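Structural characterization, general
Read off the chains here:
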Amino acid sequence: MNNRVLDPIDRNSEILFGLFMVLTFTGTLSVASAGPKEVRAMLIAAIGCNIAWGLVDGVMFMLRRIVGRARQAMLWRRVVSSQQPEEAHGLIAQEIGPLSDALGRQDFERTRQWMLAQPAHVAPARVLKRKDVVGGLGVFLLVFLSTFPPTLPFLFFSDLRTAMRASAAIAIVMLFLCGYEWGRYAGTPPWRAALLMVVLGVTIELIVIALGG
């Protein structure tokens, strides 16, 4: 059984979101005009922004989990209360998705009978669970912690040009690693997915900066 609270898509999505937010700030620094004050203001703004969005994403994650279970509970009740087996089969197929094409009427009926035999409390609860809170906290930490790798060069290098190049290099490495993990998870060539993520990430960030993001 998979006990992961956050799957690779969730984890990498939050890391990338935090990274894009940080790059929106670091990418707007000007080597010609930015000084220590501007760099400090950028760091404070980037950290504050990711704290705020980390909180928002964490809360939204918990809400999505509650709403998802509420929807499952509704479908469960509709299947159990349905007087027409064919209607219940359709609801089960809707929940399973494309995999339902591989199932026949007997499979759906067996599932329906199993659901009818379960106690009422088996239906998913519409309450906040410990895993939801853990997942929400994990989302917050991923967004928040992704702030630091691209911003650390600005603390260690006094030369702004060097700091910006180091920050960009770290961002590219992070994009590459996220893409590689996604490729492995999706069963596609990881190196190809990693390179695609780098190109896509850089393109998205350039568009965001150009739009004044």
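Before going into details, it helps to say that this report is about the structure given with it. Fair warning: this is a prediction, and the values are worked out from it, not measured in the lab.

Examining the packing of helix H2 (residues 36-81) against helix H4 (residues 105-117)
Put simply, H2 and H4 touch, their axes get as near as 9 Å, and they point 100° apart. With respect to each other, H2 and H4 are oriented roughly perpendicular. Where H2 approaches H4, its residues Trp76, Val79 and Val80 are matched on the opposing element by Arg112, Trp114, Met115 and Leu116. Across the contact of H2 with H4, the residue classes tally to six nonpolar, no polar and one charged.

Focus: the packing of aromatic side chains
On inspection of all chains with the given rule, the structure shows seven aromatic pairs. Between Phe17 and Trp53, the aromatic rings sit 6.0 Å apart at their centres with planes inclined by 80°, giving edge-to-face as the arrangement. Here Phe17, found in helix H1 (residues 8-26), pairs with Trp53, found in helix H2; they are 36 residues apart in sequence, far enough to count as distant. With relative accessibility at 38%, the residue Trp53 sits in the partly exposed group. Each member of the aromatic cluster is reached from another via a ring pair, and the members are Phe140, Phe144 and Phe148.

Structural notes on the nonpolar core
Core analysis: the largest hydrophobic core is formed by 12 residues, namely Leu16, Leu19, Phe20, Leu23, Ala171, Met174, Leu175, Phe176, Cys178, Ala194, Met197 and Val198. Setting aside residues no more than four positions away along its own chain, Val198 makes contact with Ile172, Leu175 and Phe176. If you look at the next biggest cluster of nonpolar residues, it comprises nine residues, including Leu75, Trp76, Leu91 and Met115.

Thoughts on the side chain of Asn50
In this fold, Asn50 is placed in helix H2. Within polar-contact distance, the side chain of Asn50 engages the backbone oxygen of Gly18 at 3.1 Å. Leaving out residues up to four positions away in the same chain, Asn50 has contacts with Gly18, Met21, Val22, Val143, Phe144, Ser146 and Thr147.

Quick notes on the rules
- Residues numbered from 1 in each chain as written.
- Predicted model: local features only at pLDDT ≥ 70, side-chain atom pairs only at ≥ 80, totals over all residues.
- Heavy atoms only, no water.
- Axes fitted to C-alpha atoms, helices over the stretch in contact; angles between N-to-C directions.
- Helix = DSSP H or I, 4+ residues; strand = E, 2+ residues; numbered from the N terminus.
- Parallel < 35°, antiparallel > 145°, perpendicular 65-115°, else oblique.
- Contact = heavy atoms within 4.5 Å.
- Nonpolar A, V, L, I, M, F, W, Y, C, P; charged D, E, K, R; others polar.
- Phe/Tyr/Trp six-rings, centres within 6.5 Å; stacked < 30°, edge-to-face > 60°.
- Buried < 20%, exposed > 50% of the residue type's maximum accessible area, 1.4 Å probe, protein only.
- Core = buried A, V, L, I, M, F, W, Y, C linked by side-chain atoms within 4.5 Å.
- Polar contact = N/O pair within 3.5 Å; in protein donor to acceptor, adjacent residues only side chain to side chain.

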